[in-house]
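# A look at the structure
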Amino acid sequence: MAWKCPQCGFVHENEAARVCEACGYVRAPGTLVLVAEQTRRSLQVGVDTAIGKELLETFAGADHAYAADPQFLLARDPVRGGWSIAPAPGAVNPTFLNGAALGAAPAPLEPGAVITIGPERLRLRVENEP
Ligand SMILES: [Zn+2]
């Protein structure tokens, strides 16, 4: 689906584009949805949120036990648009994104990405809603 820039009116054919190529306007990111593969339940995130054990217990099943509180941080990216993920300082087990441990800097979170604790625990699939 195409979208029209509210600032300059430029029409973009690519729905996934987050930044207006004509004027640099950054679209507000939509709702981020985390789907727990173990339980098929999901969590919707609309604002910057620290995700930890207590929240994970409400939808992600037994693997929440591997998480710290907080385990990772989800934030909207004001420059690039979309969402980013960063590990929470002090988490015991490392947070992985698509099979690789997160570095200290926030990483872009693309639809279809998979967040895990360690290489395979607590599989959360990332979805975006406009
Ligand atoms: Zn524009």
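Here, the structure is the one placed above.
All values derive from a computational prediction rather than experimental measurement.

So, on to the sheet that holds strand S5 (residues 49-51). Reading across the sheet, the four strands line up as S5-S6-S7-S10 and stay open at both edges, with antiparallel pairing between neighbours. Single-partner strands in this sheet number two, and they are S5 and strand S10 (107-109). Taking each pair of neighbouring strands and ignoring which way they run, the sheet shows an average axis angle of 30 degrees. For strand S6 (residues 72-76) and strand S7 (residues 83-87), the ladder comprises five bridges, and the chain directions are antiparallel.

Right, let's get into the sheet that holds strand S11 (residues 114-117). The strand order across the open sheet formed by six strands is S4-S3-S12-S11-S8-S9, and the pairing between neighbours is antiparallel. Two strands in the sheet have a free side with no partner beyond their single neighbour: strand S4 (42-45) and strand S9 (100-101). Bridge count for strand S8 (residues 95-97) against S11 is three bridges, and the pairing is antiparallel. Bridged to Leu97 within S11 is Ile115.

This next bit is on the nonpolar core. Counting residues in each nonpolar core, the largest one holds 18 residues, and the members touching the most others are Ile85 and Leu122. Of all the secondary-structure elements, those providing two or more residues to this core are strand S3 (31-36), S6, S7, S8, S11 and strand S12 (121-129). Take this core: its biggest share by element is three residues, from S12. Those residues within four positions of Ile85 in sequence are excluded, and the remaining contacts are Phe72, Leu74, Leu97, Leu102, Pro106, Ala107, Leu109 and Ile115.

Turning next to the pairing of S3. Inspection of the sheet shows S3 paired to S12 by six bridges, in the antiparallel sense. Within the sheet, the bridge partner assigned to Thr31 lies in S12 and is Glu129. One ladder, built from four bridges, connects S3 with S4; its direction is antiparallel. Across the sheet, residue Val35 finds its bridge partner in S4, namely Ser42. Taking the residues that link successive antiparallel strands as the turn, the S3-S4 hairpin has five residues, and the phi of Arg40 there is positive, at about 65 degrees.

Its place among the elements puts Leu97 in strand S8. Residue Leu97 is classed as buried on the basis of its C-beta count, with 20 C-beta atoms lying within 10 Å. Sequence separation between Leu97 and Pro29 is 68 residues; the distance between their C-alpha atoms is 20 Å.

One can find Ser84 in strand S7. Judged by local crowding, Ser84 falls into the partly exposed class, with 19 C-beta atoms found within 10 Å. What Ser84 contacts, discounting residues up to four positions off in sequence, is Ala75, Asp77, Pro106, Ala107, Pro108 and Leu109.

About the criteria used
Residues numbered from 1 in each chain as written. Predicted model: local features only at pLDDT ≥ 70, side-chain atom pairs only at ≥ 80, totals over all residues. Pairing = 2+ DSSP bridges. Helix = DSSP H or I, 4+ residues; strand = E, 2+ residues; numbered from the N terminus. Axes fitted to C-alpha atoms, helices over the stretch in contact; angles between N-to-C directions. Core = buried A, V, L, I, M, F, W, Y, C linked by C-beta atoms within 7 Å. Buried ≥ 20, exposed ≤ 12 C-beta atoms within 10 Å, placed from the backbone. Contact = placed C-beta atoms within 7 Å.

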